Amino acid sequence: MTNKERYEVAKEMYAGLGVDTDQALETLKNIPISMHCWQGDDVTGFDHDGPLTGGIQATGDYPGKARTPEELMADIDKVLSFVPGKHKLNLHANYAIFEEGEFADRDKLEPKHFKKWVEFAKERGLGLDFNPTYFSHDKVKDGLTLSSPDEEIRRFWINHGKACIRISQYFAEELGQPCVMNIWIPDGYKDIPADRLGPRARFKDSLDQILSIDYDREKVLVCLESKVFGIGMESYTVGSSEFTMNYAAKNGILSLMDNGHYHPTEVVSDKIPSLLLFSDKIALHVTRPVRWDSDHVVLFDDETREIAKEIVRNDALDRVLLALDFFDASINRISAWTVGMRNMQKALLYALLLPNKQMKEMQDQNRFTELMVLQEEIKTYPFGAVWDYFCESQGVLVREEWFKEVQKYENDVLSLRK
Ligand code: RNT
Ligand code: ZN
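Student: For this particular structure, what's the right way to read the site of ligand 1?
Tutor: Within the structure, ligand 1 sits among 13 residues, and H92, E225, K227, H261 and D325 are positioned closest to it. Between E225 and ligand 1, the recorded distance is 2.7 Å, taken from a side-chain N or O atom to an oxygen atom. With respect to ligand 1, the side chain of D258 contributes an N or O atom lying 3.0 Å from an oxygen atom. Here the shell around ligand 1 is built from residues that sort into five nonpolar, three polar and five charged.

Student: How do you make sense of the pattern of salt bridges when you look at a structure like this?
Tutor: For side chains bearing opposite charge, pairing can occur when the charged atoms are close. Applying the stated criterion across every chain, the model contains 34 salt bridges. The closest approach of N and O atoms between K271 and E266, which form a salt bridge, is 2.5 Å. Ionic pairing is found between E306 and K309, a salt bridge with its closest N-O pair at 2.7 Å. On the criterion of helical spacing, the pair formed by E306 and K309 is a turn pair, its members being three residues apart in helix α9 (residues 302–312). E306 gets classed as partly exposed once you look at its relative accessible area, which sits at 27%. A relative accessible area of 13% means that K309 is categorised as buried.

Student: Quick question: what am I supposed to make of the coordination of the zinc ion (ligand 2) here?
Tutor: In ideal tetrahedral geometry, four donors around a metal make angles of 109.5 degrees, whereas ideal octahedral geometry with six donors gives angles of 90 or 180 degrees. Every protein donor of the zinc ion (ligand 2) is accounted for by E225 (OE), D258 (OD), H285 (ND1) and D325 (OD), and the metal-donor separations fall at 2.1 to 2.2 Å. Its six donor atoms give the zinc ion (ligand 2) angles of 71 to 169 degrees at the centre, a pattern that matches the octahedral case. Sequence positions of the residues that donate to the zinc ion (ligand 2) give the spacing E-x32-D-x26-H-x39-D. Separated by 60 residues along the polypeptide, E225 in strand β6 (residues 220–225) and H285 in strand β9 (residues 282–286) bring together distant segments of the chain. Exposure remark for E225: the relative accessible area of 5% places this residue in the buried category. Judged by its relative accessible area of 3%, H285 is buried.

Student: What am I meant to see in the packing of helix α10 (residues 333–352) against helix α13 (residues 383–393) here?
Tutor: Running from N to C, α10 and α13 point in directions that differ by 125 degrees, and their axes come no closer than 11 Å. As far as their axial angle goes, α13 and α10 are oblique. Note that α10 runs across α13; the crossing there is right-handed. Of the residues in α13, those in contact with R342, Q345, K346, L349 and Y350 of α10 are F383, V386, W387, F390 and C391. Grouping the constituent residues of the contact of α10 with α13 by class yields seven nonpolar, one polar and two charged.

Student: I tried to follow the side chain of S168 on my own but got confused; where do I start?
Tutor: Along the chain, S168 falls in helix α5 (residues 151–175). Given a relative accessible area of 0%, S168 falls into the buried group. What S168 contacts, discounting residues up to four positions off in sequence, is F130, C179, M181 and V220.

Student: Whenever I open this one, helix α1 (residues 3–15) confuses me. Can you help?
Tutor: Residues spaced three or four apart along an α-helix face the same direction, because each turn holds 3.6 residues. End to end, α1 covers 18 Å across 13 residues, agreeing with the expected 18 Å (1.5 Å per residue, within 8%). Among the residues of α1, those classed as buried are N3, Y7, A10 and Y14. Looking straight down α1, one finds that the buried residues subtend no more than 65 degrees of arc, so they occupy a single side.

Student: What's the story with the pairing of β9 in this structure? I'm lost.
Tutor: Two faces, one strand: in a regular strand the side chains alternate between the faces of the sheet. Most of β9 sits out of view: five of its five residues are buried. Side-chain alternation along β9 places I282, L284 and V286 on one buried face and A283 and H285 on a second face that is also buried. In terms of strand pairing, strand β8 (residues 254–258) meets β9 through three bridges, oriented parallel. The partner of L256 across the bridge, within β9, is A283. Once the chain exits β8 it traverses helix α8 (residues 268–276) before rejoining the sheet at β9, and the crossover so formed is right-handed. Where β9 and strand β12 (residues 320–324) come together, five bridges link them in parallel fashion. Looking at β12, one finds that L284 is bridged to L322.

Reading the values: rules and limits
Residues numbered from 1 in each chain as written. Chains lettered and ligands numbered in written order. Predicted model: local features only at pLDDT ≥ 70, side-chain atom pairs only at ≥ 80, totals over all residues. Heavy atoms only, no water. Near = heavy atom within 4 Å. Polar contact = N/O pair within 3.5 Å; in protein donor to acceptor, adjacent residues only side chain to side chain. Nonpolar A, V, L, I, M, F, W, Y, C, P; charged D, E, K, R; others polar. Salt bridge = Lys/Arg side-chain N within 4 Å of Asp/Glu carboxyl O. Helix = DSSP H or I, 4+ residues; strand = E, 2+ residues; numbered from the N terminus. Buried < 20%, exposed > 50% of the residue type's maximum accessible area, 1.4 Å probe, protein only. Donors = N, O, S within 2.8 Å, 3.2 Å for Na, K, Ca; no water. Tetrahedral: all angles 85-135°; square planar, octahedral: opposite > 155°, others 65-115°. Axes fitted to C-alpha atoms, helices over the stretch in contact; angles between N-to-C directions. Parallel < 35°, antiparallel > 145°, perpendicular 65-115°, else oblique. Left-handed = near helix turned anticlockwise from the far one by under 90°. Contact = heavy atoms within 4.5 Å. Expected span 1.5 Å × (residues − 1). Arc of directions from axis to C-beta. Pairing = 2+ DSSP bridges. Right-handed = clockwise from strand over helix to strand, strands pointing away.

Next up, the structure:
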């Protein structure tokens, strides 16, 4: 049977549940996912030689990591050739590209340092998102940036935030679509703090100063990402969930939830609908925590599907801005990226293929037996046939076929990077 024939059979089965698979695929192909550039080089970037710091860690030493902008761009192209649909690329400030002999510190970054990325995005019809980089830098003093009691340090990082808003606006203007700019700071303490309020008050003031610059709020969607702990910041983080949500709500910016940033039994899927009732838009970093914020590759697992369900069945595809955030250095990086991107799409498709309206009715009518039966039976519907057909019709390799290409690329290109 061809993929198309398998699809036709699946289509009929889903139609029996009242689900329109053609419509689902039409919707799916227009959902942009912001692909993080940092899976390609273990979050190193091009503006420093030091290690990755800030309570985050990439573990593993799989050969072939990108060492230059050209290599990273080539790798991103490879990944995108395996991913159906049109997406965005998510850059970090430490991925600035300098001319020979040129350097600008983080507080002095300008749009011109990202011109090559804009050209890259334009040529491929990609949107760009952005992140100030508040880590891996010698001005992260005692683990603190925007909450530092050292005014000079704090000033440096405030200026970095302002510079990044200007760069984000440049991206939006050049590419004709909004740029999501996410602020995450590592600031926190290893042990029980003597003052929990002071650092948060300074962080609040720093954010106020950053946002005080004149920028177009339609073009730059500033987000604030919370975190419950970091390595070396186990007891306290300045940018806690309550801090970021309240700050975002009061100041008209977006909350960003990373599903690796909560206590292990807390789930982001459950937080999405609450936030949707109070905010026009929210943003996500989809990742996979394994016991801690370990940034493992996104799988087609229960929580990824639950997240997708909350977005789809609440009709919030244009209100939840999706980005991925993981960095696994222990396996082929092209493969890690591809698996994560495709899995996010699979989860969205899975959610789009549910008879959501009927299931809500069952809940409201107290028909929980029926609901469970349906939910469980749907799990073995021919989802794979719909996904395969989507890949084929979008011109990307079906099932594990793409991996052969990755192996070839590893042989021909990655293995030569020493
Ligand atoms: C860190 C945050 C943050 C980073 C990226 C690189 O825990 O999740 O989003 O992973 O900015
Ligand atoms: Zn994140």
